[in-house]
Amino acid sequence: MAGAASPYSGVWKPYRPYLKRTNIVQLSVVALLCSASYFLGIWQHGGGSTSTVLTAVSCEKNTSAGGAGAVTLDFTIQHGAAAEEPTAVRKFPACDIKYSEYTPCEDRDRSLRFDRDRLIYRERHCPEKGELLKCLIPAPPGYRNPFPWPASRETAWFANVPHKELTVEKAVQNWIRVYGDKFRFPGGGTMFPNGADAYIDDIDRLIPLRDGSIRTAVDTGCGFLIINDSYQYTAKKSTPLFPVELQVASWGAYLLSRNVIAMSFAPRDSHEAQVQFALERGIPAMIGVLASIRLPYPSRAFDMAHCSRCLIPWHLYGGQYLMEIDRILRPGGYWILSGPPINWKKHWRGWNRTQRDLSSEQSAIEAVANSLCWKKLAENGDIAIWQKPINHLACKFMNSSLFCQSNNPDTAWYSPSSPLIHQNQFSLIQFTELKAVDYNRHTKMETCITPLPEVANMDEIAGGEIKKWPERLTAVPPRIATRSLPGLTPEMFLQDSEIWRKRVGYYKSLINQLGQKGGYRNLLDMNACFGGFAAALIDNPLWVMNTVPTIANRNTLGVIYQRGLIGTYQDWCQAMSTYPRTYDLIHGYSVFTLYKDKCEMEDILLEMDRILRPKGTVILRDDIDMLVKIKDIADGMRWKSQIIDHENGPLEREKILLAVKTYWTAPGPNQEY
C-alpha cells in the first residue's frame, strides 16, 4: 500500500508548498495579535474592567447579591421555549357589553350571597376558578382617551363613564355636571360649598399642609353604607335616614397641588361609578370598604386620614373602625372629621337628627379617640382634627390592657399557611411558595390598639423619624435604616434606587410617550419592591399605584409609604379592586416568575387587559423563556407586542416585553363586533 494514493491527498497537496514557504515568525505575530484581541475583549466586558455593573435588588431574595446579571448564561437552553413547535395563537373573544364595568371581586350579584351585617357583602368576594371569565372586557361604545392632566381633574368624557345618576342626585352639591359630551367637576360638595380648594385652605390653617411634613393621606370616602335611593342607615335601625355625601376624590384631587397624594376608597354601590369617576379624572382611588377586615395597607402608612361626611359609624363595634385608622396612621399623624356629628348644634335640623342623638355620637367618638391616646388639636366650624401620639410610652402606662397582644400589624390580606421556599433556577431569586391559602380567613379588624415600635424616651418617634417631602423620597426609609426588615440594608436600598433610575431612563428611550408631559397619568407597578420605578418617575405629572404581592417573601409596602409613595397589597391570582380601564401603563418585574405554578398565566394577563385602557402600554421584565410564553398569549388578546433586549445588552437572560393594547370598543346600536 506504499504507493497507493490517499483519498485526501488531492485536497491537501496544493497547500503543502504554502506551508513550507510560511515564515514561522509571521505565524507567531498573528497568534499574538489574536490573543491580545481576545484578552482585550475579556477586559472590556468582564473581570478586568474597573467599572461597576449594577444588578437588581429583589424583594424576594434572601441574599444581598442582586439578580440576573450575576448568573452564568447557558445558551444551550436559553431559547428553549422559542425552539418549540409553533402553535396556533389562541384568540380571546370579547365579553358581552354587560361586563363593560365588571369588577370580579366586587360583583354585585355575587355579593348578595354574603352576610349584610357590617357590610360584609361589600367586601372582596372573588370568583372561583370555574367562574373566571375567559374573554376581553370591552370599552363602552364611543370610548375616548381621557383628557391629559391637569385638564382631567375638571373634565371627563361622558362616553367613558356613561352615568347621569349622580348629576341629578348631587346637583345641589356642585360636584358634577353634564355639558354635551363631557362631565364637568366644579370641585364642590356638601361640606365644602365654596369648593375643595377653600376647604383644604381651612384645614391648612389648622395643621401644616405645605411644609412637607404631610405627604400621604387616605380619604375614607363612603365607608359603612347600606344605600337605598341615595339615603343610608347605620346598623342601628333606630338611626334616622340622612343624605349621603358622594364626592369621592375631590379632596384628593386638590391636595395634589400641595404635594400631598391621597388614596381614596369607597365601596361599589348603587351610586354608579364614584371611584371610576375619580380614576377617569386621573386621581388615585380604589374600591374598598371599612367593614370587618383590615384595609389593604400596612401599619404606620399615612400621614393624614380624612372623613368628610363619610358617615362611617366610628363609635360602634367598640370603636373598631377608628382603631383601624389608628393602625394605618403614622406616629404623629392626623385624623380629620367633618360632617355629622361635628358642629351638630348648627346643622342638626338639616341632618334630620335630634340634638341628643348627635351629641351622644360625638361624645362616643371623643371617648374612642381618648382611648387611643389621640390629642384633639382643634374643632373649628365644621372641621375637627385629632393627632396620634409619636409613641406609646405614656399610653401603655394608662391603657395597657387595650393593646393588641398578637398579630403582625402590617398583615392586611388573606391568612396563608406555612410558607415553602424554593429557588428559581435562572434568576436565583428565592420566593415564598404558599402551600395553601384559605381565602375565607381574612385578617380581621380587632378591638384593640396596634402597638407602635418601642422607644427609649418620651421624645423619640416610634419606628424612626421620617424626613419631610421631597427629601424622604430618596432618604433611606426608617424601616430599612433600623433593620426592621431582616436582610435589607441601606446599601441595597440605595443600589435599587440607582438601578431604577437607569431602567426608567432606558424605558423612556424606548417609549417616547413616557418622557412626554401628559403622555400617561395612571400607572401601576405590579411588583414594586421599594417603589424604585415610581420614584424614578416622580418629576413626571403622573402617579403610580405600587402593589406588593401578598406571596412576596418580604413585605416592603411600609417602605414605599415611608418614601412618600402610595400602594396596596395584591394577589395577582385574583382581580384587583378597581374598575376596567383604570391604568394607562402597567409595569411588571418578574411577576410571572413569582406566580409560576400558582395560577394560570392567561388569567393574570386577562386581568391586566381588564384594567388597562385602550391604547395603554405594558412593560414586563422577566426571563426570556417566560416572556416568549407571555407573548404567545398576548398576541391573542388584541395586543401588539415585541421583546426587547435588557438595558445591559443582549447577553442578559432577562428581557423586556413591550406591548400596546389596541383600540376597540363594544359595538354601538346596530353594530357588531
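Thresholds applied
- Residues numbered from 1 in each chain as written.
- Predicted model: local features only at pLDDT ≥ 70, side-chain atom pairs only at ≥ 80, totals over all residues.
- Heavy atoms only, no water.
- Helix = DSSP H or I, 4+ residues; strand = E, 2+ residues; numbered from the N terminus.
- Buried < 20%, exposed > 50% of the residue type's maximum accessible area, 1.4 Å probe, protein only.
- Contact = heavy atoms within 4.5 Å.
- Pairing = 2+ DSSP bridges.
- Axes fitted to C-alpha atoms, helices over the stretch in contact; angles between N-to-C directions.
- Salt bridge = Lys/Arg side-chain N within 4 Å of Asp/Glu carboxyl O.
- Right-handed = clockwise from strand over helix to strand, strands pointing away.
- Disulfide = S-S within 2.5 Å.
- Phe/Tyr/Trp six-rings, centres within 6.5 Å; stacked < 30°, edge-to-face > 60°.
- Lys NZ or Arg CZ within 6 Å of the ring centre and 35° of its normal.
- Polar contact = N/O pair within 3.5 Å; in protein donor to acceptor, adjacent residues only side chain to side chain.
- Expected span 1.5 Å × (residues − 1).
- Parallel < 35°, antiparallel > 145°, perpendicular 65-115°, else oblique.
- Left-handed = near helix turned anticlockwise from the far one by under 90°.

Under an unreviewed UniProt entry, the name given to the protein is Methyltransferase, and the source organism is Zingiber officinale.

Engineer: What exactly am I supposed to notice about the overall build of the protein here?
Structural biologist: A count of helices and strands for the protein gives 20 helices and 24 strands. By the burial criterion, 56% of the 673 residues in the protein qualify as buried. The long-range share in the protein, meaning contacts at least 24 apart out of those at least 6 apart in sequence, stands at 72%.

Engineer: What am I meant to see in the sheet that holds strand β22 (residues 612–623) here?
Structural biologist: Through backbone hydrogen bonds, the strands of a sheet pair up, either in parallel or in antiparallel fashion. Across the sheet, which stays open at both edges, the 7 strands sit in the order β20-β19-β18-β21-β22-β24-β23 with mixed pairing between neighbours. The sheet is open, and its two borders are formed by β20 (566–570) and β23 (639–644), each paired with just one other strand. With strand direction ignored, the average angle separating the axes of adjacent strands in the sheet is 20 degrees. Inspection of the sheet shows strand β21 (residues 583–589) paired to β22 by 6 bridges, in the parallel sense. Pairing of Gly588 across the sheet is with Leu620, part of β22. Across the sheet, helix α20 (residues 624–634) touches β22, β23 and β24 (654–661), and the angle it forms with β22 is around 155 degrees.

Engineer: What's the story with the environment of Leu372 in this structure? I'm lost.
Structural biologist: Following the sequence through the fold, Leu372 ends up in the loop between α11 (355–371) and β12 (375–380). With 17 residues separating them along the chain, Leu372 and Pro389 place their C-alpha atoms 8.7 Å apart. Residues in contact with Leu372, not counting those within four places in the same chain, are Leu322, Met323, Asp326, Pro389, Cys395 and Ile449.

Engineer: Which parts of the structure should I look at to understand the pattern of salt bridges?
Structural biologist: In a structure, side chains of opposite charge can pair up when their charged atoms sit close to one another. Inspection of every chain in the model, using the stated rule, returns 38 salt bridges. For Lys376, the salt bridge identified is with Glu379, shortest N-O distance 2.5 Å. The class of Lys376 is partly exposed, set by a relative accessible area of 29%. A relative accessible area of 39% places Glu379 in the partly exposed class. Through salt bridges with shared partners, a single ionic network connects Asp197, Asp201, Asp204, Arg210 and Arg258.

Engineer: How do you make sense of the pairing of strand β19 (residues 543–549) when you look at a structure like this?
Structural biologist: In regular strands, side chains alternate between the two faces of the sheet. With 7 of 7 residues buried, β19 is to be regarded as a mostly interior element. Covered by surrounding structure in β19 are Trp543, Met545, Thr547 and Pro549 together with Val544, Asn546 and Val548, the residues of both alternating faces. One ladder, built from 4 bridges, connects strand β18 (residues 522–525) with β19; its direction is parallel. Along β19, the bridge assignment pairs Leu524 with Met545. Bridge count between β19 and β20: 5 bridges; the pairing is parallel. Bridge pairing in β20 places Asn546 opposite Gly567. For the crossover that starts at β19, traverses helix α17 (residues 557–562) and ends in the parallel β20, the hand is right-handed.

Engineer: How should I be thinking about the sheet that holds strand β4 (residues 216–219) in this particular structure?
Structural biologist: Reading across from one edge, β9-β8-β4-β10-β11-β13-β12 is the order of the 7 strands in this open sheet, with mixed pairing throughout. In this open sheet, the two edge strands, each paired with only one partner strand, are β9 (285–287) and β12. In this sheet, neighbouring strand axes are inclined to one another by 20 degrees on average, regardless of whether the strands run parallel or antiparallel. Note that β4 and strand β8 (residues 261–266) share 4 bridges and pair parallel.

Engineer: Is there a simple way to explain the state of the cysteines in this structure?
Structural biologist: As used in these notes, a disulfide is a covalent bond between sulfur atoms, one from each of two cysteines. With the rule as written, the count across this model stands at 6 disulfides. Disulfide pairing places Cys373 opposite Cys395 at an S-S distance of 2.0 Å. Its torsion about the S-S bond being 85 degrees, the disulfide of Cys373 and Cys395 is classed as right-handed. In this pair, Cys373 sits in the loop between α11 and β12 while Cys395 sits in helix α12 (residues 393–399), placing the two residues 22 residues apart along the sequence. Two residues, Cys404 and Cys448, share a disulfide whose sulfurs are 2.0 Å apart. On the S-S bond that ties Cys404 to Cys448, the torsion sits near 95 degrees, and the link is right-handed. Of this pair, Cys404 sits in the loop between α12 and β14 (414–416) while Cys448 sits in the loop between β17 (437–442) and α13 (471–474), and the two are 44 residues apart along the sequence. Each of the two residues, Cys404 as well as Cys448, counts as buried.

Engineer: Looking at this model, I keep getting lost on the packing of aromatic side chains. Mind explaining?
Structural biologist: Remark: the centre distance and the inter-plane angle together describe each pair of aromatic rings, the angle taken between the planes. Taken as a whole and judged by the stated rule, the model has 17 aromatic pairs. Ring centres 6.4 Å apart and planes at 80 degrees place the aromatic pair Trp500 and Phe533 in the edge-to-face group. Of the two residues, Trp500 sits in helix α15 (residues 490–510) while Phe533 sits in helix α16 (residues 532–536), which places them 33 residues apart along the sequence. For the pair Trp500 and Phe533, one class covers both residues: buried. Chaining the aromatic ring pairs together yields one cluster made of Phe158, Phe183, Phe185 and Phe277. Over the ring of Trp469 we find Arg215; its NZ or CZ atom is 3.7 Å from the centre of that ring.

Engineer: Looking at this structure, how should I read the side chain of Ser577?
Structural biologist: Mapped onto the secondary structure, Ser577 falls in the loop between β20 and β21. At a separation of 2.7 Å, a polar atom in the side chain of Ser577 contacts the side chain of Arg124. Each residue touching Ser577, except ones within four places of it in the same chain, is listed here: Glu106, Arg124, Met286 and Ile287.

Engineer: Help me understand unusual backbone geometry in this model?
Structural biologist: Trans peptide bonds make up most of the peptide bonds, and negative phi angles are found at most residues other than glycine. Of note, the bond from Trp149 into Pro150 is cis; its omega dihedral lies within 30 degrees of zero at 10 degrees. Between Pro340 and the following residue, Pro341, the backbone shows a cis peptide bond with an omega angle of 5 degrees. Along the polypeptide, Pro341 turns up in the loop between β11 (329–338) and α10 (344–347). The phi angle at Leu311 is positive, at roughly 60 degrees, despite the residue not being glycine. Position of Leu311 among the secondary structure elements: in the loop between β10 (302–308) and α9 (320–328). Overall, the relative accessible area of 7% leaves Leu311 in the buried class.

Engineer: Help me out: how do you make sense of α11 in this one?
Structural biologist: Two residues of an α-helix separated by three or four positions point the same way, owing to the 3.6 residues in each turn. Here α11 contains 17 residues, and its C-alpha end-to-end distance of 24 Å stays within 8% of the 24 Å for a straight helix at 1.5 Å per residue. Those residues of α11 that are buried are in contact with α9, β11, α10, β12, β13 (383–387) and α12. Positioned one or two residues after α11, Cys373 has a phi angle of 65 degrees, which is positive.

Engineer: Even after reading the chapter, I still don't get the packing of helix α19 (residues 601–611) against α20, so can you show me in this structure?
Structural biologist: The relative placement of two packed helices comes down to the angle between their axes together with the axis-to-axis distance. Running from N to C, α19 and α20 cross one another at 60 degrees; their axes reach a closest spacing of 10 Å. If you check the angle between α19 and α20, you find them oblique. The two elements α19 and α20 meet at a crossing, and its hand is right-handed. Of α20, the residues touching α19 (which contributes Met601, Glu602 and Leu605) are Met626, Lys629, Ile630 and Ile633.

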